[in-house]
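# Structure at a glance
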Amino acid sequence: MLAWQQVGAQEKKAPVFANVKQLQALRITESIKIDGSLDEEVWQQAETATNFIQSSPNPGAKEVHPTKVRILYDDESIYVGAIMHDVSQDSIFRQLGKRDDLGNTDFFAVFFDTYNDQINGFGFYLTPAGVQLDARYSSDGEDFTWNAVWESNTKLDGNSWIAEMRIPYSALRFSSKPEQLWGLNFMRNRRSTRQEFFWNHVDPAINGFMNQFGKLRGIKNVEAPLRLSLTPYVSAYAEKYPVRNGDGSVRYEDNINFSGGMDVKYGINDAFTLDMTLIPDFSQVQSDNQVLNLSPFEVQFNEYRPFFMEGTELFNKGGFLYSRRIGGTPINFLDASAEREQGNTIIENPRETKMLNGTKISGRTQSGLGIGLFNAVVGRQFATLEDSEGNRFQKETQPLTNYNILVLDQSLKNNSYVTLVNTNVLRAGSTYDANLTGMLFRVANKGNRYAVEGSAALSQKYYTDDAQLGHMYSIGGGKVSGNFQYRFTHSMKSDTYDPNDMGINFIRNTVDEDLNLRYNIYQPFWKLLNMNTQLGATYSRRYKPDDFQNFVIYGRVSGTFRNFLSVGTNFNLEPVKTYDFFEPRVAGRYYTFPVNRSIGGWISSDYRKRLALDVDFNYRTFDEHERQNLGYSISPRFRVNDKLMFIYRYSRNSNRDDMGYANYRSRSSEISAPRDIIFVLRDVNTVDNTLTSSYIFNNRMSLSLRARHYWSKAESNRFFELSDKGELLTSSYPLGYFPENELPNHNINYNAFNIDMIYSWWFAPGSEISVMWKNAILESQGEIVPRYHENFTRTITGPQTNSLSVRLLYFIDYQVLKKQFSKS
């Protein structure tokens, strides 16, 4: 976590370094060679930014080894030249990394607030090894998935290192004013001492980042260029995957595919950009971390697809977008399973839908109104079935679907805003449509010491004959600055609130009250560099009917010692019996959850060392049977040299006498007979091994490997019936009305094994050749394998999917083409 991500403010009327620094940019007419030398005479004529101030670990201290930065500009680009003095070359850490991965290294960064509104920012980072990282900044934080095309170079010079950048105006957005006034800041990270410095002081005790920038003056009579770039791609994909025959045996089939598509970026005007992807290819996206899910809620997966990660800060406002819905599991995926009751066999039932295209339009006007429009189209998906006579046919599991988001975000003074969000899902045919309209706001006082925030949303599902409505709201506020901070939040979600066609929400039909108290220390004291503490409580009731649901008291303490060993601890306490209305999976029924308490902690050593270690643990006990949970993880990381790195993570979770839903049982053979809800007392043990390695050839070429084996086994011990009062009663289950050959087996032995290996070569700015190999095994059975070695051997010799993909991306910039044609 970077220094400015800390939130809070010290108890003082104004920061010590309240003066806003200013820097004058120098217009040039001669060409600049980006070679990391700064040997052109014009560099010496520019005004110098120096006297950087430490932000971490000792906020306010001035740097001993000076940094000097100059800025030039012409009609096409802005140039940044920086000299970072140090003790010796050995003190300059320069580990190689992939693009957008800084690693254990020094770096220099420049930040532009091109509208000087403290809302929209751009960051460009460069390490001594020449590795680039770039980011977008907004009122919602930073977005490091954003990528721009810019030129840079570095050089070691005695006891210093030099960074030189050329950032074309096509990578930025700015107004059409004849004279520009931009927010500006520079950052230097000196890794040998883990010190972070800013030109205009960024005090970690003050809420916000861009509101602590200096100013850049002197940029005159520049015009935003036509921002048009094309990134066509071609790819080849080969896959060998297992298919089970009717007798249970396995055969392998091949899938070979050649495809092509294109990404388009077009600057509609100086503020708004069109971003479009046509026939996207996500074959080289990192594999998901599959897990055994015994809960009543779906698993939320991370987003790794670039189109949904870059430039989505507006669309993620309010958390109403869960982008994995787009191109995710077909909405009628389970309909294919129902065909088994008709005697049909499932030959193929794809778990993902195919995205045909996606479009984003986003930007912000000079009055501070942010506008975002997102659209994506997903094609039809079919399951392949076979009847008893061997005839194959298809059943539609996903209709042609259109996803839309519209966002209007008006920025106000003092980091305040008001936002309107609308999401809409339209499906062809008889499958229902969905719509959600939400509003957000934040109002802070002039000193940004106190703030009030709120949100509200109305969800709608449109069926053929009626519409289902649901709603939610949240209101909260408190003291957001100072060593001592507090916040109280009241929130409600109705029993019919359902944003899950385009968003994700796990719990509804609830009314929650939360009180959170914090006390943070930012200056070094005793043996610590800093410390963060918090204490809070949450009280929850049902929305309908108005019944008590849950009460939790929680606390957290974390800090970093002067030797940069970071530690933390936490606790949770549910001091009274609570009521779980979700685990029974039947509306209106609940399970009386026992009193429980948990304690956890973590330790992270200094990443500057070649060998570092992360450890965490959590222990939870319950007033029910001998129920207890113990989880821990150990993750060593070893840096062989500045090119080769290994990170291994071993985690284990042991849930003894875990209690959860197992099944339901009819009380007679009649279809309308009442059903008993069956719970099971089980032991659930999980082991997760992940190895990540990377070899960085240079700042443009890398090879990375990620291998993960996940094993979870759930072994059933005793069964219970859930009474109408939420109590567990002794049960005769599995005796009951089941066909003799379908007696349920609730033991589960689940394995997920994945290998992702990718070679990447950025052979030109914005252009890449990548080759990826994937291996995947997914297995679930009812026979428990007791020992890890036996289970692992059995897993890796089982049916598996192997794929190899090759992709070529080529970046075409209209401005470069225009210049080349003009020369010819």
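Look a little higher up for the structure.
Just so it is clear, the structure is predicted and the values come from calculations on it, not from any experiment.

Quick look at the environment of Tyr-79 now. On the secondary structure map, Tyr-79 appears in strand β5 (residues 77–85). Apart from the residues lying within four places of it in its own chain, the contact partners of Tyr-79 are Ile-28, Ile-32, Ile-34, Trp-43, Arg-70, Ile-71, Leu-72, Tyr-73, Asp-74, Met-165 and Arg-166.

Let's shift gears to the sheet that holds strand β21 (residues 381–386). The three strands are arranged β18-β21-β22 in an open sheet whose pairing can be described as antiparallel. If you trace the sheet from one side to the other, it starts and ends with β18 (345–348) and β22 (392–398), each paired once. The mean inter-strand angle of the sheet, taken between neighbouring strand axes irrespective of direction, is 40 degrees. Inspection of the sheet shows β21 paired to β22 by six bridges, in the antiparallel sense. Looking across to β22, one finds that Ala-383 is bridged to Lys-395.

Under the criterion given, the structure shown has 45 aromatic pairs. Ring plane angle 50 degrees and centroid distance 6.3 Å describe the contact between Phe-282 and Phe-308, whose orientation is recorded as tilted. Of this pair, Phe-282 sits in the loop between β17 (272–278) and α2 (306–309) while Phe-308 sits in helix α2; the two residues are 26 residues apart in sequence, bridging distant segments of the chain. When its relative accessible area of 24% is taken as the criterion, Phe-282 is described as partly exposed.

In this section: the sheet that holds strand β11 (residues 160–168). Reading across from one edge, β2-β4-β5-β11-β10 is the order of the five strands in this open sheet, with mixed pairing throughout. The two strands at the open ends of the sheet, each matched to only one other strand, are β2 (26–27) and β10 (151–157). Direction of pairing for β2 relative to strand β4 (residues 67–73): parallel, over a ladder of two bridges. Its bridge partner lying in β4, Leu-26 is registered against Leu-72.

With that out of the way, let us pick up the nonpolar core. Ranked by internal contacts, the top residues of the largest apolar core, which has 37 residues, are Ile-78, Phe-112, Phe-124 and Phe-186. For this core, the elements supplying multiple residues, two or more each, are β4, β5, β6 (107–113), β7 (121–126), β11 and β12 (182–190). Setting aside residues no more than four positions away along its own chain, Phe-186 makes contact with Leu-23, Ala-49, Phe-52, Val-69, Ile-71, Val-80, Phe-108, Ala-109, Val-110, Phe-197, Phe-198 and Trp-199. Membership of the second largest hydrophobic core comes to 25 residues, among which are Phe-315, Leu-321, Met-355 and Ala-457.

So, how was this worked out
Residues numbered from 1 in each chain as written. Predicted model: local features only at pLDDT ≥ 70, side-chain atom pairs only at ≥ 80, totals over all residues. Heavy atoms only, no water. Helix = DSSP H or I, 4+ residues; strand = E, 2+ residues; numbered from the N terminus. Contact = heavy atoms within 4.5 Å. Pairing = 2+ DSSP bridges. Axes fitted to C-alpha atoms, helices over the stretch in contact; angles between N-to-C directions. Phe/Tyr/Trp six-rings, centres within 6.5 Å; stacked < 30°, edge-to-face > 60°. Buried < 20%, exposed > 50% of the residue type's maximum accessible area, 1.4 Å probe, protein only. Core = buried A, V, L, I, M, F, W, Y, C linked by side-chain atoms within 4.5 Å.

Geometric values such as these leave the question of function open.
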